[in-house]
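Structural overview
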Amino acid sequence: ERLIHQAYHDALTHLPNRLMFAEEFERQVYARDRAGKRAAFLLLGVDRFRVVIESVGHAIGDALLQAVALRLGELLERLRERLHDATLYRMDGDRFAILVPGFATAETPVWLAGQILEDMRQPFHALGREYHLSLSIGVSVYPLDGQAAATLLRDAETAMQRAKNRGGARLESYTRDMNERAAEWLALENELRYAEEHGELRLFYQPQVDIGSGRVIGAEALLRWEHPRLGLLAPSRFLALSEESGLVVTLGEWVLRTACAQAAAADTPATPALAVSVNISARQFAL
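Residues numbered from 1 in each chain as written. Predicted model: local features only at pLDDT ≥ 70, side-chain atom pairs only at ≥ 80, totals over all residues. Heavy atoms only, no water.

Tallied over the full model, the rule gives 14 salt bridges. A salt bridge links R80 to E77; the shortest N-O distance between them is 3.1 Å. Note that E191 is salt-bridged to R229, the shortest N-O span being 3.6 Å. You can see E191 sitting in helix α8 (residues 177-192) and its partner R229 sitting in the loop between β9 (216-227) and β10 (231-233), a full 38 residues away along the chain. Among the charged side chains, a salt-bridge network with shared partners connects D94, R95 and E157. (Salt bridge = Lys/Arg side-chain N within 4 Å of Asp/Glu carboxyl O. Helix = DSSP H or I, 4+ residues; strand = E, 2+ residues; numbered from the N terminus.)

Take the side chain of T13 next. Looking at where T13 falls in the secondary structure, it is placed in the loop between α1 (2-8) and α2 (18-33). Residue classification places T13 among the buried residues on the basis of a relative accessible area of 13%. A distance of 2.6 Å separates the side chain of T13 from the side chain of D10, its partner in a polar contact. Here T13 is in contact with L65, Q66, A69, R90 and F96, once residues within four sequence places are set aside. (Buried < 20%, exposed > 50% of the residue type's maximum accessible area, 1.4 Å probe, protein only. Polar contact = N/O pair within 3.5 Å; in protein donor to acceptor, adjacent residues only side chain to side chain. Contact = heavy atoms within 4.5 Å.)

Let's shift gears to the environment of L72. With respect to the secondary-structure elements, L72 resides in helix α4 (residues 58-78). Judged by relative accessible area, L72 falls into the buried class, the value being 3%. Residues L72 and Y89, spaced 17 residues apart in sequence, show a C-alpha to C-alpha distance of 10.0 Å. Excluding residues that lie within four positions of it along the chain, L72 makes contacts with L44, L88, F96, I116 and L135.

The subject of this paragraph is a nonpolar patch on the surface. A contiguous nonpolar patch, built from V209, V216 and L274 and spanning about 230 Å² of accessible area, is present on the exposed surface. Within the secondary structure layout, V216 lies in strand β9. Residue classification places V216 among the partly exposed positions, given a relative accessible area of 37%. (Patch = residues over 30% accessible without salt bridge, like charges linked within 9 Å, V, L, I, M, F, W, Y side chains within 5 Å. Areas by Shrake-Rupley, 256 points an atom, 1.4 Å probe, with all protein chains shown as cover.)

How two helices pack is summed up by the angle between their axes together with the distance between the axes. One can describe the packing of α4 onto helix α6 (residues 108-119) by two numbers: an axis separation of 11 Å at closest approach and a directional angle of 135°. Of the possible angle classes, the one that applies to α4 and α6 is oblique. Every pair of crossing elements has a handedness; the one defined by α4 and α6 is right-handed. Here α4 contributes R71, L72, L75, L76 and R78 to the contact with α6, which in turn contributes L112, Q115, I116 and D119. Residues of the contact of α4 with α6, tallied by class, amount to 5 nonpolar, 1 polar and 3 charged. (Axes fitted to C-alpha atoms, helices over the stretch in contact; angles between N-to-C directions. Parallel < 35°, antiparallel > 145°, perpendicular 65-115°, else oblique. Left-handed = near helix turned anticlockwise from the far one by under 90°. Nonpolar A, V, L, I, M, F, W, Y, C, P; charged D, E, K, R; others polar.)

Structurally, the position occupied by R95 is in strand β3 (residues 95-101). Counting along the chain gives 62 residues from R95 to E157, while the straight-line C-alpha distance between them is 9.8 Å. Once you skip the residues sitting within four places of it in the chain, R95 turns out to touch L43, L44, G45, R90, E157, M160 and Q161.

The next point concerns the packing of aromatic side chains. Evaluated as defined, the whole model comprises 5 aromatic pairs. Where F21 meets F41, the ring centres are 4.8 Å apart and the plane angle is 35°; that geometry is what we call tilted. Of the two residues, F21 is situated in helix α2 and F41 in strand β1 (residues 39-46); the sequence distance between them amounts to 20 residues. Judged by centre distance (5.8 Å) and plane angle (85°), the ring pair of W225 and F238 falls under edge-to-face. Here the residue W225 occupies a position in strand β9, and F238 occupies one in the loop between β10 and α9 (239-245), the gap between them amounting to 13 residues. One exposure class covers both W225 and F238, and it is buried. An aromatic cluster is built from F21, F25, F41, Y89 and Y142, whose rings are joined through pairwise contacts. Note that R71 overlies the ring of F124, its terminal NZ or CZ placed 3.8 Å from the centroid. (Phe/Tyr/Trp six-rings, centres within 6.5 Å; stacked < 30°, edge-to-face > 60°. Lys NZ or Arg CZ within 6 Å of the ring centre and 35° of its normal.)

See below:
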């Protein structure tokens, strides 16, 4: 009995795990589907949890995950009259999930996500210190977004990543074009890895002007990507994926080298040197 319990439950939080979710999905969702009921799947990820681990260590990180699990469980109990058979799971790492089988109205998943986000505003406490955590939530709905547990999980993951990319502490519902965008994002990341090698990176300079005299006193180096298919791309199109993939360090080094070289080349008797400012990622400071 103990081995079976360990197989179906998370050791840290004692919540049902991913394996239990797969079996519960089969039992609860498919059975209710015969009555024409829908089911909602909410995937919850703690925002910037890796930063928390790097700052305070794994012991406090584990204590905070236990506190998040406890708070989510207490919230579901308070809402049990409306949610009935909703179940909380710990999927892996900082990810939790809630399966809501047979919900009554289309607003129910959004309403539940709003309750969770509001509840997370209260601070957590661990070893005498106060911590503020937030969750990004992705929602997928059976059978609209898929009929298999793995499909709904993938769709909710896609939606949750969109929520994180938009700053976190928010809800995103899955839409069919998200997978297309995710595929485009991955392709763009792969192409960005070879942008420097293929000579596609460009620096533009925005002048800094002294208002009193009207004289140009400096410039800010701005990175652009001359994509062979998409044309000239502003940083808003590729800097977020470069941060996530770690490519921002390589790009930052290229910008520094190029800006210094071009500033030095421009330092002639006819054109005195200007101060050039360069934007630096926090990841570069960490190195």
